[in-house]
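Observations on the model geometry
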Amino acid sequence: MKVLFLAHTEEGGSLGKAALEALGAAKGLGGELTIGLYGAEVQAGADSIAGCGATKFYGVAGADFASARYGSDASACEAIAKAAGADVIVMPATARASRVAAGVAMRLGAAVDTRLTGLEAVGGTIVGTRWFYRQRMVGRVERDARPWLVTVDSGCFDACTAPGTASVEMLSATVATRTVVTGIKSPAADAQTIRPEAKLLLVAGAGWGKSQPDGQKHLDEASQLILGLLSATQCSLGSSKSLVDQSGDGGALPFLTHMHQVGQTGSTPRHAKGLATCCHGEEPHVVGWRFIGERRAVNLDAGCGWAQGKADVLYVADAFAVVNKVVELLK
Ligand SMILES: Cc1cc2nc3c(=O)[nH]c(=O)nc-3n(C[C@H](O)[C@H](O)[C@H](O)COP(=O)(O)OP(=O)(O)OC[C@H]3O[C@@H](n4cnc5c(N)ncnc54)[C@H](O)[C@@H]3O)c2cc1C
């Protein structure tokens, strides 16, 4: 079996965490491993995994491949995949790769499955795992079709790094596109509060917006404390549905959107650690946190059943006071 690990590089030609994890997934299949990298530069990325056991390295590089753009990325992937002639192609499920995965599969006549959370060779059969219907059901996928292109989710596989010096065969890819990338507009790093790469997920629940023991709501203080903890730890922010819904109505915390919601009808992020604050709901604790490694909660209510049942440690305390103190200590 020939396996191709196919990924775009980041700044300076390096490989990101999601790509290194996808390489871990590709390596885990066994078989003859080939590497394919595309981006402005690829040598640094190839060197960072030179000793991974691959028999061949292909690259497509240049200014045309610096930015995410469907036409150029798809051409680069197609050129590499055709040169490699692999049975299975493993890509990371980054936004950039996800954008072209289905199109590249179409060009290759390949089958495609996206966002796999498991990938293994069982006997001679390759089995992928993925979640369906908002993470309610897990499915195992096998396909006879080859090539089979898959993208794998971040946080599910061990990253593979094996520095050395790689000899990369550079390929040329035709860039026939009318789209010109003139620049990238993105929010300042601090304004972006959803950070999938962060080690810690902070979940803010509706308690932050409720009347506190003094009978008053303290929304400004809640905003400052949550954003202060985010800034001090660079953690990612999640929220319960109740707080997101209140915030959407112009109340509560203006920086929260439905994108922050974790749970049955929200996301199920994968961070090493989670801290839930002022949160009681079943859905955020049971579903939203299911893939979080270590879970702790701060709640005024010692009888909060979900925090009791689903957190490894429950601090029965006022989250306003706790977060204030933690930020002070971190500063
Ligand atoms: C079909 C369906 C799907 C749903 N999907 C989701 C989903 O995806 N995600 C989701 O979140 N919900 C979902 N819900 C809603 C869910 O059932 C709960 O209503 C919601 O999660 C409750 O939010 P909460 O825990 O933030 O608020 P609350 O239940 O109001 O809890 C607030 C908590 O804050 C604590 N508190 C208050 N002040 C403080 C303080 N100073 N310090 C510490 N603790 C304090 C209180 O003790 C309380 O435990 C869904 C519901 C349905 C019916």
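Scroll up for the structure.
Here the focus is the sheet that holds strand β5 (residues 111-116). Across the sheet, which stays open at both edges, the seven strands sit in the order β5-β9-β4-β1-β2-β3-β10 with parallel pairing between neighbours. The open sheet has two edge strands, β5 and β10 (168-170), and neither has a second partner. Taken pair by pair, the neighbouring strands of this sheet meet at an average axis angle of 20°, ignoring direction. Relative to strand β3 (residues 56-61), strand β2 (residues 32-39) runs parallel, the two being bridged by six bridges. The residue of β3 that forms the bridge with Ile35 is Phe57.

The next thing to look at is the side chain of Ser223. With respect to the element layout, Ser223 can be found in helix α5 (residues 219-233). We classify Ser223 as buried; its relative accessible area is 13%. Apart from the residues lying within four places of it in its own chain, the contact partners of Ser223 are Leu253, Pro254 and Phe255.

A few words now on the packing of helix α3 (residues 70-84) against helix α4 (residues 95-108). Two elements in contact, α3 and α4, have axes whose closest approach is 9 Å; the angle formed by their N-to-C orientations is 55°. It follows that α3 is oblique to α4 by the angle criterion. For the element pair α3 and α4, the recorded crossing hand is right-handed. Taking contact as the criterion, the partners of Tyr70, Asp73, Ala74, Ser75, Cys77, Glu78, Ala81 and Lys82 in α3 are, on α4, Arg96, Arg99, Val100, Gly103, Val104, Arg107 and Leu108.

Procedures and definitions
- Residue numbers here run from 1 along each chain, matching the order of that chain's written sequence.
- Two thresholds apply to this predicted model, a pLDDT of at least 70 for residue-level local features and 80 or more for giving and counting side-chain atom pairs, whereas whole-chain, interface and lining totals are computed over all residues.
- Only hydrogens and water are set aside when side-chain values are computed; all heavy atoms of the structure are taken into account.
- Two strands are said to pair when DSSP picks up at least two bridges between them.
- Numbered from the N terminus, helices here are DSSP runs of H or I no shorter than four residues, and strands are runs of E no shorter than two.
- Every angle, taken between N-to-C directions, lies between 0 and 180 degrees, and every axis is a line fitted to C-alpha atoms, over only the stretch in contact when it is a helix.
- The classification of residues rests on relative accessible area computed with a 1.4 Å probe and restricted to protein chains. Under 20% of the type maximum is buried, over 50% is exposed, and intermediate values are partly exposed.
- Throughout, a contact is declared for two residues whenever any of their heavy atoms are within 4.5 Å.
- In what follows, roughly perpendicular refers to angles from 65 to 115 degrees, roughly parallel to angles under 35, roughly antiparallel to angles over 145, and oblique to any angle outside these ranges.
- Crossing handedness follows the turn of the near helix against the far one: under a right angle anticlockwise gives a left-handed crossing, and clockwise gives a right-handed one.

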